[in-house]
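Here's the letter readout for the chains.
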Amino acid sequence: MNTMRKWSCASTFLLAEELRKHSWSGIPREMRPVTWRLLSGYLPANKERRELVLTRKREEYFGFIEQYYHSRADEQYKDTYRQIHIDIPRTNPLIPLFQQPTVQEVFERILFIWAIRHPASGYVQGINDLVTPFFVVFLSEFVSEDVENFEVAALPIDTQRNIEADSFWCMSKLLDGIQDNYTFAQPGIQNKVKALEELVSRIDEDIHNYFKRYEVEYLQFAFRWMNNLLMRELPLRCTIRLWDTYQAEAEGFSHFHLYVCAAFLIEWRKEILSMVDFQGLLMLLQNLPTIHWGNEEVGLLLAEAYRLKYTFADAPSHYKR
C-alpha cells in the first residue's frame, strides 16, 4: 500500500491510538489538515458524523463572533483587544502571509473570542503564535503553491470562514491542555522552566554548572521556549513538523515539550561551552541558528527527546541527584 493510501485509510478507519502511532514520525502534507483535526479531538473518528460536526462547530464559532466581537470597544475588553491588535503584526513578521490585513483580522477575531471565553487567563502574549500552525495547515488544504506567500483574500469567503473556525477550535483544544501557562503569574511556565533546570542538571552537569558559573538563569531564555512552544526558536515549517508529534504524543504540548526543550538545549552543547561570558551565552541562547533546519533536524531532536523521556520520566527521583 502506498504512503498516501495508507494515510487515507488511517484517517478514515484507524483507532485513535493507531492514528497517533502513524503520525508520530511526521504526517504527509496532503493528509495533515484532516489528521490534525482528528488528533486534536475537533473532528470525530466516525466519518459519517464529520460533516455534521464541522458544520455545527463552524456555525457556533461565528455565533460567538456575532455575540461578542462588537464588545471589543467596551471598557471591559478594550485593553485586551488593544494588546491583541498590537501583537498581531509581530506574529511571524518576516512571513508575508501574516502581514495581510485579511489574515490579521482573522487572528484578531480568533484571539479576542478565545480571550473573553477564557476569563481565568484572558489574552496573554504568546498565545498569538499558537494560531499560526493551525492556520497554515488548514490553508494548505486549498493552496498547492507556497502557502507563506499566498493571498488569502483570493479564496472564496466560505473557505476563509472554515479555515478561521477550524483554527479557533483546534487552538482552543491545544490551550485546554496548557491553560495554566497563561493564568495569572503564568505558574505553568514557571514550573516547567524549573523542571527544565532540574532535568538539565541531571542529564548534562557541564552545561548546568556552566550556566551557574556565568550566572545565567533558565528563565532568561527558557521562559520563551515554554510560552511560545519553541515557535520563536524554529522556522515555521519545523514547528508544523514538531506539532505532528506533539499531537500524536500523550500530553505532547505539556509534558513531552519539556524533554524536547532539554534535547534542544543539549543540541547546542558545543556552542554553549565555547562562550566565555554572560552576554555571549545569553545572546546565543536567545538567537540559536536554526534558520536552515528542516524535517531531518526536527526528527533527530524528537528522537533524542523520546530517549530522554523514557530514561528520566516516571521515576520519582529523576530530577534529583
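Since the structure is predicted, the reported quantities are computational estimates derived from the model, not experimental observations.

Cut-offs used in this document
Residues numbered from 1 in each chain as written. Predicted model: local features only at pLDDT ≥ 70, side-chain atom pairs only at ≥ 80, totals over all residues. Heavy atoms only, no water. Axes fitted to C-alpha atoms, helices over the stretch in contact; angles between N-to-C directions. Helix = DSSP H or I, 4+ residues; strand = E, 2+ residues; numbered from the N terminus. Parallel < 35°, antiparallel > 145°, perpendicular 65-115°, else oblique. Left-handed = near helix turned anticlockwise from the far one by under 90°. Contact = heavy atoms within 4.5 Å. Nonpolar A, V, L, I, M, F, W, Y, C, P; charged D, E, K, R; others polar. Expected span 1.5 Å × (residues − 1). Buried < 20%, exposed > 50% of the residue type's maximum accessible area, 1.4 Å probe, protein only. UniProt positions renumbered as here; feature names shortened; annotations may be inferred. Phe/Tyr/Trp six-rings, centres within 6.5 Å; stacked < 30°, edge-to-face > 60°. Disulfide = S-S within 2.5 Å.

Time to look at the packing of helix H9 (residues 187-203) against helix H13 (residues 252-267). It is the contact of H9 with H13, at a shortest axis distance of 10 Å, that shows an interaxial angle of 50°. With respect to their mutual orientation, H9 and H13 come out oblique. In this structure, H9 crosses over H13, and the sense of that crossing is right-handed. Residues Lys192, Ala195, Leu196, Leu199, Val200 and Ile203 of H9 form the contact with H13, whose participating residues are Ser254, Leu258, Tyr259, Cys261, Ala262, Leu265 and Ile266. Counted by class, the contact of H9 with H13 contains 11 nonpolar, 1 polar and 1 charged residues.

Next up on the list: helix H8 (residues 157-176). Between its terminal C-alpha atoms H8 stretches 29 Å, which fits the 28 Å expected from 20 residues at 1.5 Å a residue. Of all 20 residues in H8, 14 are buried; the element is thus mostly enclosed.

What follows is about the UniProt feature "domain: Rab-GAP TBC" (unreviewed entry) in the chain. What UniProt calls "domain: Rab-GAP TBC" (unreviewed entry) maps, in this numbering, to residues 26-250. Here residues 26-250 runs as 61% helix and 0% strand, with 15 Å between its end C-alpha atoms.

Let us look at the packing of aromatic side chains. Evaluation of the coordinates by the stated rule reveals 31 aromatic pairs. With a centroid separation of 5.0 Å and 65° between ring planes, the pair formed by Tyr210 and Tyr214 is classed as edge-to-face. The class of Tyr210 is buried, set by a relative accessible area of 11%. What makes Tyr214 buried here is its relative accessible area of 16%. Where Trp268 meets Trp293, the ring centres are 5.9 Å apart and the plane angle is 15°; that geometry is what we call stacked. Of this pair, Trp268 sits in the loop between H13 and helix H14 (269-274) while Trp293 sits in the loop between helix H15 (278-286) and helix H16 (295-312); the two residues are 25 residues apart in sequence, bridging distant segments of the chain. Taking the relative accessible area as the measure of exposure, Trp268 reaches 6% and is therefore buried. Exposure remark for Trp293: the relative accessible area of 8% places this residue in the buried category.

Structurally, Leu302 can be placed in helix H16. Distance in space between the C-alpha atoms of Leu302 and Ala263 is 7.9 Å, their sequence separation being 39 residues. For Leu302, the contacting residues outside a window of four places in its chain are Trp24, Arg241, Leu242, Thr245, Phe256 and Val260.

It is worth spelling out the state of the cysteines at this point. Evaluation of the coordinates by the stated rule reveals 0 disulfides. The thiol of Cys238 is not disulfide-bonded; the next cysteine sulfur, from Cys261, is found 15 Å away.

Moving on, we come to helix H12 (residues 236-248). Here H12 contains 13 residues, and its C-alpha end-to-end distance of 19 Å stays within 8% of the 18 Å for a straight helix at 1.5 Å per residue. H12 sits mainly inside the fold: 12 of its 13 residues count as buried. Where H12 is concerned, the buried positions are Leu236, Cys238, Thr239, Ile240, Arg241, Leu242, Trp243, Asp244, Thr245, Tyr246, Gln247 and Ala248. Of the surrounding elements, those touching the buried residues of H12 are helix H2 (16-23), helix H3 (32-39), helix H7 (127-139), H8, H13 and H16.

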